[in-house]
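A look at the structure
So you can see what is in the structure, the chains are spelled out below.
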Amino acid sequence: MPHNIAVLGSTGSIGTQTLDIINQFPDRFKAVVLAAGSNVDRLIEQARIHRPALAIIADENKYSTLREALEPLGIETAAGAKAMADAMERPDFDTVVTATVGYSGLLPTIRAIKAGKQIALANKETLVVAGELVTRLLRDSASTVIPVDSEHSAIYQCLQGEDPATVKKLIITASGGPFRTWTHEETARVTAAQALKHPRWQMGAKITIDSATMLNKAFEIIEARWLFDVAPEKIEAVVHPQSIVHSMVEFVDGAVKAQLGIPDMHLPIRYALGDASRLPSEERPLSLCDYANLTFEKPDSEKFPCLTLAPRALTDGGNTACIINAANEVAVAAFLKGQISFHGIYDVITDALSHIPFISSPTLDDYVATHNETIHYATDACNTIWLKDMR
Ligand code: NDP
Ligand code: MG
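Residues numbered from 1 in each chain as written. Chains lettered and ligands numbered in written order. Predicted model: local features only at pLDDT ≥ 70, side-chain atom pairs only at ≥ 80, totals over all residues. Heavy atoms only, no water.

Side note on the overall build of the protein chain
When helices and strands are tallied, the protein chain shows 16 helices and 11 strands. Over its C-alpha trace the protein chain gives a radius of gyration of 20 Å, about what one expects of a compact globule, namely 21 Å for 391 residues. Seen along its three principal axes, the alpha-carbon backbone of the protein chain occupies a region of about 55 × 55 × 40 Å. The 391 residues of the protein chain split such that 52% are buried. (Helix = DSSP H or I, 4+ residues; strand = E, 2+ residues; numbered from the N terminus. Rg over C-alpha atoms; globule rule 2.2 N^0.38 Å. Buried < 20%, exposed > 50% of the residue type's maximum accessible area, 1.4 Å probe, protein only.)

Printed below as a string of structure tokens:
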């Protein structure tokens, strides 16, 4: 029986690589639902090839274009965030790849968990925003999660066959981004074009900026804390500029297991879709002799202050990480538009943290309200910075 799959964010970096894997194994996988944000042309093109049962566009202004193109082909269409979340209850697929960017992943993932779907989780923001709630829901559901984020996939692979009680430390590798060797003064003047040039990975714009500020690594520490139910003090980040060692697990006997590979997301996506099995790769193999040096260094949280937001979020708990995520979404968009500086991203996040009320045990409604309130607050903060700089 093939796995029937819903791909949320099919037009993005992870989404298109997911469709590559589905193409590679037509007897094993079938795309049944495709969903995108606003790139209706690409969604239509993908639907013509994959012939899903349903195609969804989040941007309701694009709905008539989608419907007119796909209804003659017998493909059902829908629009809006609610339609995407409602689709998670359809009985015609068993697996969902959550590859939309940012907060938009949270509500569909929660609905997919409640519907008992298998989840290939790329959207790390789901666990950043509401990790405590999401893992609680998972415990009471038939749903399973296999991570797609390369570091978490590596850790998941290293943990196979091991007793969780013997884990001493999770060691998450970080490329260090494009500004690893720059001084704090130099990064003050960074442009969006410079920050979008990641040295190792081809990814969507938002995660590329998060990698440049290293907030992505802070998010991955939070993601690991919830995915693997490991105490925060047992999770460490190490900078590894070659991005060959995707992450490691240290055990109580001193053994350290690592998963290595070329930097290419097809592997973790294929592993997650294949239920943690080893399906053959079409990418170039890793040749270790091509790498004279695999190096490791301590991350520098003075140069990259966003790294300090992981311990802060995990120590304070509650809605702290939700505030960080929402403020960052606004700040990254403002940075990409040239409204605020690279360092301004951290400043907007800490400003929001000191203004948005703390909630120690948030409900889902509290997370939604915190997100909306923070988006509003951070948007005003970015506009104020922009207007001040224009004077
Ligand atoms: P992209 O920006 O390339 O793609 C994002 C996808 O989400 C697009 O299909 C986009 O649609 C869709 N989308 C955007 N906004 C919305 C919305 N409001 N509602 C529904 N869909 C929306 O991002 P990536 O593929 O790089 O990243 C996706 C997720 O995977 C992120 O959470 C990221 O952190 C995570 N991830 C990505 C990695 C990578 O290598 N790219 C590695 C590890 C994790 P459209 O194009 O139509 O606007
Ligand atoms: Mg990653």
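Next comes the rest of the write-up.
With respect to the state of the cysteines
According to the stated counting rule, one finds 0 disulfides in the structure shown. Looking at the unpaired cysteine 322, the closest cysteine sulfur is the one in cysteine 382, lying at 17 Å. The buried category is assigned to cysteine 322, whose relative accessible area is 0%. With no disulfide of its own, cysteine 382 lies closest to cysteine 306 among cysteine sulfurs, the gap being 13 Å. (Disulfide = S-S within 2.5 Å.)

Section: helix H5 (residues 106–114)
All of the buried residues in H5 are Leu106, Pro108, Thr109, Ile110, Ala112 and Ile113. Downstream of H5 by one or two residues, glycine 116 has phi in the positive range, about 75°.

Focus: the coordination of the magnesium ion (ligand 2)
For the magnesium ion (ligand 2), the full set of protein donor atoms is Asp149 (OD), Glu151 (OE) and Glu220 (OE), and the range of their distances to it is 2.1 to 2.2 Å. Along the chain, the residues donating to the magnesium ion (ligand 2) are arranged with the sequence spacing D-x1-E-x68-E. Overall, the relative accessible area of 7% leaves aspartate 149 in the buried class. (Donors = N, O, S within 2.8 Å, 3.2 Å for Na, K, Ca; no water.)

Focus: the nonpolar core
Counting residues in each nonpolar core, the largest one holds 53 residues, and the members touching the most others are Leu170, Phe335 and Ile345. The leading source of residues in this core is helix H14 (residues 320–336), at 9 residues. Apart from residues no more than four positions distant in its own chain, leucine 170 is found in contact with Ile155, Ala224, Phe228, Val230, Lys234, Ile235, Glu236, Met248 and Val249. Formed by 34 residues, the second largest nonpolar core is a distinct cluster that contains Val7, Ile22, Ala47 and Val148. (Core = buried A, V, L, I, M, F, W, Y, C linked by side-chain atoms within 4.5 Å. Contact = heavy atoms within 4.5 Å.)

A short note on the site of ligand 1
The immediate surroundings of ligand 1 are formed by 25 residues, with Thr11, Gly37, Asn39, Glu125 and Gly204 found nearest. When the free accessible area of ligand 1 is taken as 890 Å², the share hidden by the protein chains comes to 83%. The cavity that encloses ligand 1 is the largest pocket. Looking at the shell around ligand 1, its residues break down into 10 nonpolar, 12 polar and 3 charged. (Near = heavy atom within 4 Å. Areas by Shrake-Rupley, 256 points an atom, 1.4 Å probe, with all protein chains shown as cover. 1 Å grid on protein atoms, 1.4 Å probe; cavity = no way out; pocket = protein on both sides within 12 Å on 5 of 7 lines; lining within 4 Å. Sits in = over half its atoms within 2 Å of the grid points. Nonpolar A, V, L, I, M, F, W, Y, C, P; charged D, E, K, R; others polar.)

A closer look at the layout of surface pockets
Using a probe with the size of a water molecule, rolled over the atoms, empty space left in the structure can be pinpointed. Estimated volume of the largest pocket: approximately 730 Å³. Of all the secondary-structure elements, those providing two or more residues to the lining of the largest pocket are helix H1 (13–24), helix H7 (150–159), strand S8 (167–174), helix H10 (205–213), helix H11 (215–227) and strand S10 (245–251). Here the lining of the largest pocket gets 5 residues from one element, more than from any other, and that element is H10. Classifying every residue of the lining of the largest pocket by side-chain character gives 13 nonpolar, 21 polar and 8 charged. (Points joined across faces, edges and corners; volume = space filled by probe spheres on them.)

Some remarks on the packing of aromatic side chains
Evaluation of the coordinates by the stated rule reveals 5 aromatic pairs. Judged by centre distance (6.1 Å) and plane angle (85°), the rings of phenylalanine 25 and phenylalanine 29 are edge-to-face. When the ring of phenylalanine 179 is compared with that of phenylalanine 342, the centres are 5.3 Å apart and the planes differ by 80°; the resulting orientation is edge-to-face. With phenylalanine 179 in the loop between S8 and helix H8 (184–187) and phenylalanine 342 in helix H15 (residues 342–355), the pair connects residues that are 163 residues apart, well separated along the chain. Phenylalanine 179 sits in the buried class, given a relative accessible area of 1%. What makes phenylalanine 342 buried here is its relative accessible area of 5%. (Phe/Tyr/Trp six-rings, centres within 6.5 Å; stacked < 30°, edge-to-face > 60°.)

Thoughts on the sheet that holds S8
With respect to topology, 4 strands assemble into an open sheet ordered S9-S8-S10-S11, the strand pairing being mixed. The sheet is open, and its two edges are formed by strand S9 (235–239) and strand S11 (256–260), each paired on a single side. Between one strand axis and the next, the sheet turns through 20° on average, direction left out of account. Note: S10 against S11, 5 bridges, orientation antiparallel. The partner of valine 245 across the bridge, within S11, is leucine 260. The strands that H11 touches are S8 and S9; relative to S8, the one it contacts most, it runs at about 150°. (Pairing = 2+ DSSP bridges. Axes fitted to C-alpha atoms, helices over the stretch in contact; angles between N-to-C directions.)

Concerning unusual backbone geometry
For serine 243, which is not a glycine, the phi torsion comes out positive at approximately 50°. Tracing the sequence through the fold places serine 243 in the loop between S9 and S10. Of the residues examined, serine 243 reaches a relative accessible area of 6% and is grouped as buried. Phi at aspartate 275 takes a positive value of approximately 55°, unusual for a residue other than glycine. On the secondary structure map, aspartate 275 appears in the loop between helix H12 (266–273) and helix H13 (309–316).

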